[in-house]
Amino acid sequence: MWKKIYEWLDERLGLNAMYTNLLDRPEPRGNWWNTLGSASLFLFVLQGLTGIFLTVYYTPSPDHAYDSITYIMEGVAFGWLIRGIHHWGATLMVVVVFIHMLRVFVTASFKYPRELTWLIGIGLFLTTLGMGFTGYLLPWNQRAFWATTVGTQIAGTAPLVGEFILKALRGGPDLSALTLQRFFSGHIWMLPAALAGLIGVHLYLIIRHGESYYPNKED
Amino acid sequence: MSDHELSRRDFIKVTTGIVGGLIGAVIGLPAIYYLIDPALREGGKDAWIPIGKLENMEIGKPYPFSFTRVMVNGWERTASSFGGYALRKSEDPNDILILSSRCTHLACTVNWNEEADAYLCPCHDAKFSREGEVLDGPPPRALDRYTEFRLTEDGSLEIFFSENKKTG
């Protein structure tokens, strides 16, 4: 019964071929350092899921942001768990993505034909930092407020365009409801969309080129 | 290798499945609870609510009343309005019919219409009699009644309101 359903689906979707190409690819000899990309992907999915759940109760308004998070932490069943995972997962994701990047650098895996994978990886790293920067403001507590004040002020020190960048980030000269709203929008829509798109290309390139061999003495 | 032995590949597959399933359960089950949590909560308190002085209620004429209850929903206090009509049927202070103005169809608010001699609902043209019986329209049953009421010493009428049931 299930076998027949599976066969029917496989004939149309090509499930077996997909499995072979995506999950059963031949890999060069590697070690645990080679699993950090998958770990990053897992963390991205985890952050996405817990983030979606957080939006059920979080409200991005200066009047209620802090109260809504207090409610998530103290009022809702397992709110502390969902937010805890999102909170620590964020830090972990930055760390894992960075170590992944270091591994690729150290093993020279960014060389031909994988330069584009590397460049997109840089984009992924910067977008991940952007997620951290925008997410940091959302609890709207003192630490969030002043961290964003400082962060946007630093961006404002850029020559010539500094003031424009500062105003564009804050949605005006000062931190306000507009800042919180646009950081929220960036954090849940724009940056995740960018991340998802870049991850798609990144994965495609990895599957296309396969994983790189570790360089040996002759290299 | 005999058939009974697990190959390295299969071991990895099974382990991945089990660990993945565990992670899914540890996050997924609390997440479901987190999502449906507000639906599992009991409503607020019960209370006696004064709706007006008995001397102001004309015999035979529906007397409108309304009140608001403040409830804490999440991080905010929300005021909800409730209302109804008290109808004295005779001089007897206990011969009172107190109707909820919440339409039994889809919970809009009905209004007493003197000309039509009926309660009319603006949403789907429901029509209830002076006694709250359905005269016309889609409602499945008569208007709800506040059956528990009392007169205080200074002559004001109070109804028993339970937030759990929404009507008396």
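Preceding this section is the structure that the text describes.
Parameters at a glance
- Residues numbered from 1 in each chain as written.
- Chains lettered and ligands numbered in written order.
- Predicted model: local features only at pLDDT ≥ 70, side-chain atom pairs only at ≥ 80, totals over all residues.
- Heavy atoms only, no water.
- Phe/Tyr/Trp six-rings, centres within 6.5 Å; stacked < 30°, edge-to-face > 60°.
- Helix = DSSP H or I, 4+ residues; strand = E, 2+ residues; numbered from the N terminus.
- Buried < 20%, exposed > 50% of the residue type's maximum accessible area, 1.4 Å probe, protein only.
- Lys NZ or Arg CZ within 6 Å of the ring centre and 35° of its normal.
- Axes fitted to C-alpha atoms, helices over the stretch in contact; angles between N-to-C directions.
- Parallel < 35°, antiparallel > 145°, perpendicular 65-115°, else oblique.
- Left-handed = near helix turned anticlockwise from the far one by under 90°.
- Contact = heavy atoms within 4.5 Å.
- Nonpolar A, V, L, I, M, F, W, Y, C, P; charged D, E, K, R; others polar.
- Pairing = 2+ DSSP bridges.
- Buried area = accessible area lost by both parts, 1.4 Å probe.
- Salt bridge = Lys/Arg side-chain N within 4 Å of Asp/Glu carboxyl O.
- Polar contact = N/O pair within 3.5 Å; in protein donor to acceptor, adjacent residues only side chain to side chain.
- Disulfide = S-S within 2.5 Å.
- Expected span 1.5 Å × (residues − 1).

Colleague: So what about the packing of aromatic side chains? Which residues, and what values?
Modeller: A full pass over the atoms with the stated rule returns 21 aromatic pairs over all chains. A centroid spacing of 5.6 Å and a plane angle of 40° characterise the contact between Y58(A) and F184(A), whose relative ring orientation is tilted. On the criterion of sequence distance, the pair formed by Y58(A) in the loop between helix 3 (36-54) and helix 4 (65-74) and F184(A) in helix 9 (residues 177-209) is long-range, its members being 126 residues apart. Residue Y58(A) shares its accessibility class with F184(A), and that shared class is buried. Relative to F110(A), the ring of F105(A) has its centre 5.8 Å away and its plane inclined at 15°; by these criteria the two rings are stacked. Feature note: the residues F53(A), Y57(A), Y71(A), Y34(B) and W75(B) constitute an aromatic cluster, connected by ring pairs. Its guanidinium or amino end placed over the ring of W48(B), R150(B) lies 4.2 Å from that ring's centre, counting from NZ or CZ.

Colleague: Describe the packing of helix 3 of chain A against helix 1 (residues 8-36) of chain B, and please don't skip the residues or the numbers.
Modeller: Packing of helix 3 of chain A against helix 1 of chain B brings their axes to within 11 Å, and their N-to-C directions diverge by 15°. In this view, helix 3 of chain A runs roughly parallel relative to helix 1 of chain B, as classed from their interaxial angle. Relative to helix 1 of chain B, the crossing made by helix 3 of chain A is left-handed. Every residue of helix 1 of chain B that contacts helix 3 of chain A at F42(A), L46(A), F53(A) and L54(A) is listed here: I23(B), I27(B), A31(B), Y34(B) and L35(B). For the contact of helix 3 of chain A with helix 1 of chain B, the per-class residue count stands at nine nonpolar, no polar and no charged.

Colleague: Describe the sheet that holds strand 9 (residues 149-151) of chain B, with residues and values.
Modeller: Residues and elements named next belong to chain B. Read across the open sheet, the three strands follow the order 1-10-9; overall the sheet is antiparallel. With partners counted over all chains shown, the strands left at the sheet margins are strand 1 (46-53) and strand 9, one partner each. Within this sheet the neighbouring strands show an average axis-to-axis angle of 30°, counted without direction. One ladder, built from seven bridges, connects strand 1 with strand 10 (residues 156-162); its direction is antiparallel. In the strand pairing of strand 10, I49 is matched with I159.

Colleague: Could you give me a rundown of the interface of chain B and chain A, with the residues and numbers involved?
Modeller: In this complex, chain B contributes 16 residues to the contact, which on the side of chain A involves 22 residues. Together, the buried faces of chain B and chain A total about 1700 Å²; carbon and sulfur atoms form 71% of this surface. Per-residue buried area on chain B facing chain A is highest for I27(B), Y34(B) and W75(B); these three make up 47% of the total on that side. Taken together, the links from chain B to chain A amount to one salt bridge. The salt bridge involving D24(A) is made with R9(B); its shortest N-O contact spans 2.9 Å. Viewed at the interface, chain A and chain B are joined by six residue pairs in polar contact (both at pLDDT 80 or more). The biggest single contributor to the side of chain B that touches chain A is helix 1 of chain B, with 10 residues. Across the side of chain B that touches chain A, the residue classes break down as 10 nonpolar, one polar and five charged.

Colleague: Give a description of the state of the cysteines that names residues and reports values.
Modeller: Residue and element names in this part refer to chain B. Applying the stated criterion to the full structure yields one disulfide over all chains. Across a sulfur-sulfur distance of 2.0 Å, C108 and C123 are joined as a disulfide pair. Handedness here is read from the sign of the S-S torsion; for C108 and C123, about -100°, the answer is left-handed. Pair noted here: C108 is in the loop between strand 4 (96-100) and strand 5 (111-113) and C123 is in the loop between strand 6 (118-120) and strand 7 (127-128), with a separation of 15 residues, a long-range link. Free of any disulfide, C103 has its nearest cysteine sulfur in C121, 3.9 Å distant. We classify C103 as buried; its relative accessible area is 3%. Accessibility expressed as a relative area gives 5% for C121, which makes it buried.

Colleague: Lay out helix 7 (residues 142-155) of chain A in plain terms, naming residues and giving numbers.
Modeller: Each α-helix turn comprises 3.6 residues. Residues three or four places apart therefore point the same way. All names here are of chain A. Between the first and last C-alpha of helix 7 there are 20 Å, a value that for 14 residues agrees with the 20 Å anticipated at 1.5 Å per step. Along helix 7, the positions that sit buried rather than exposed are A144, T148, T149, G151 and T152. Its buried side turned inward, helix 7 meets helix 6 (115-137), helix 8 (162-170) and helix 9.

Colleague: Now, about helix 3 of chain A: what can you tell me, with residues and values included?
Modeller: With 19 residues, helix 3 of chain A should reach 27 Å at 1.5 Å per residue; the first-to-last C-alpha distance of 26 Å fits that figure. Those residues of helix 3 of chain A that sit buried are L36(A), S40(A), L43(A), F44(A), L46(A), Q47(A), T50(A), G51(A) and L54(A). Buried residues along helix 3 of chain A sit against helix 4, helix 5 (79-106) and helix 9 of chain A together with helix 1 of chain B.

Colleague: So what about the sheet that holds strand 6 of chain B? Which residues, and what values?
Modeller: All names here are of chain B. If you trace the four strands from one edge of the open sheet to the other, you get 5-6-7-8, paired in antiparallel fashion. One side of each edge strand has no neighbouring strand; the edge strands of this open sheet are strand 5 and strand 8 (134-136). Bridging between strand 7 and strand 8 involves two bridges; their strand directions are antiparallel. Pairing of F128 across the sheet is with V134, part of strand 8.

Colleague: Before we move on, can you summarise the side chain of S40(A) with the specific residues and values?
Modeller: All names here are of chain A. With respect to the helices and strands, S40 occurs in helix 3. On the basis of relative accessibility, which here comes to 10%, the residue S40 falls in the buried class. If sequence neighbours within four positions are ignored, S40 has contacts with V96, V97 and H100.

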